[in-house]
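Chain by chain, the residues:
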Amino acid sequence: HGHSIDLIMDVPLEVTVELGRTIKTIKEILDFAPGTIVELDKISGEPVDILVNGKFIAKGEVVVIDENFGVRITDIINSVDRVKSLQ
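So, how was this worked out
- Throughout this description, residue numbers start from 1 for each chain and increase along the sequence as written.
- Note on the predicted model: pLDDT of at least 70 is required for a residue's local features to be given, and 80 or more for side-chain atom pairs to be given and counted; whole-chain, interface and lining totals, by contrast, use all residues.
- Processing note: side-chain calculations cover all non-hydrogen atoms of the structure and skip hydrogens and water entirely.
- Two strands are counted as paired when DSSP detects at least two bridges linking them.
- Helix and strand definitions follow DSSP, with helices as H or I runs of at least four residues and strands as E runs of at least two, each counted in order from the N terminus.
- Here the axes come from fitting lines to C-alpha atoms, over the contacting stretch only for helices, and the angles between their N-to-C directions go from 0 to 180 degrees.
- Patches in this entry comprise residues that are over 30% relatively accessible and not in a salt bridge; like charges within 9 Å are linked, as are nonpolar side chains (Val, Leu, Ile, Met, Phe, Trp, Tyr) within 5 Å.
- Only the protein chains shown count as cover for residues, and the accessible areas themselves come from Shrake-Rupley with a 1.4 Å probe.
- In the sections that follow, a salt bridge refers to a side-chain nitrogen of Lys or Arg positioned within 4 Å of a carboxyl oxygen of Asp or Glu.
- With a 1.4 Å probe rolled over the protein chains alone, any residue whose accessible area is under 20% of its type maximum counts as buried; one over 50% counts as exposed, and the rest are partly exposed.
- In protein, a polar contact means a hydrogen-donor-capable atom and an acceptor-capable atom, both N or O and within 3.5 Å, with residues adjacent in sequence counting only if both atoms are side-chain atoms; elsewhere, any N or O pair within 3.5 Å suffices.
- By definition in these notes, contact holds between two residues if any of their heavy atoms fall within 4.5 Å.
- A score between 0 and 100, pLDDT records how confident the predictor is in each residue.

Read across the sheet, four strands follow the order S1-S2-S3-S4 without closing on themselves; strand pairing throughout is antiparallel. Strands with a single pairing partner mark the edges of an open sheet, and in this sheet they are strand S1 (15–18) and strand S4 (68–76). Averaged over neighbouring strand pairs, the angle between their axes works out to 40° when direction is ignored.

Moving on: a nonpolar patch on the surface. On the surface, Leu-19, Ile-29, Phe-32, Val-38, Leu-40, Val-62, Val-64 and Phe-69 cluster together into a nonpolar patch covering about 750 Å² of accessible area. Relative to the elements of secondary structure, Ile-29 occurs in helix H2 (residues 26–30). Overall, the relative accessible area of 42% leaves Ile-29 in the partly exposed class.

This part covers the pairing of S4. In the sheet, strand S3 (residues 55–65) pairs with S4 via eight bridges, with the strands oriented antiparallel. By the bridge assignment for S4, Glu-61 is matched with Arg-72. Counted between consecutive antiparallel strands, the loop separating S3 from S4 contains two residues, among which Asp-66 sits at a positive phi close to 55°.

Turning next to the side chain of Glu-18. Within the secondary structure layout, Glu-18 lies in strand S1. Reaching out from Glu-18, the side chain makes a polar contact with the side chain of Arg-21 at a distance of 2.8 Å. If near-sequence neighbours (up to four positions away) are discounted, Glu-18 is found in contact with Lys-42, Val-48, Asp-49 and Leu-51.

Attention shifts here to the confidence of the model for the protein. On average, the protein scores 90 in pLDDT, and the residues at 70 or more come to 92%. Looking across the protein, the model is least confident in helix H3 (residues 79–86), with a mean pLDDT of 70, and most confident in H2, with 97.

Below, the discussion takes up the pairing of strand S2 (residues 48–52). Of all five residues in S2, five are buried, a share of seventy percent or more. Along S2, one buried face is formed by Val-48, Ile-50 and Val-52 and the opposite face, lined by Asp-49 and Leu-51, is buried too. By the bridge criterion, four bridges tie S1 to S2 in an arrangement that is antiparallel. From the neighbouring strand, Val-17 faces S2, where its bridge partner is Ile-50. Alignment of S2 against S3, held across five bridges, turns out to be antiparallel. Looking at S3, one finds that Asp-49 is bridged to Lys-59. Hairpin connection between S2 and S3: a loop of two residues separates the two successive antiparallel strands, and Asn-53 in this loop has a positive phi of roughly 50°.

Here is the structure:
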């Protein structure tokens, strides 16, 4: 049983960090232009959501490493729930 999990350990999964969401009308979206500011539903400094293949698995805080953004995990769902959420 342990060997079957080893076979998938190297499978790449997409990790997404979501700063927030909002809903806009089609008209508002058609009015988007360079310089348009889209306000999100999260307060600045609030933890961001970390998703793997589109499923929520953790919360974290945004950090800057050299010139790249990163995220430091602050809360994570347990490993059993993480595996279930990916199925």
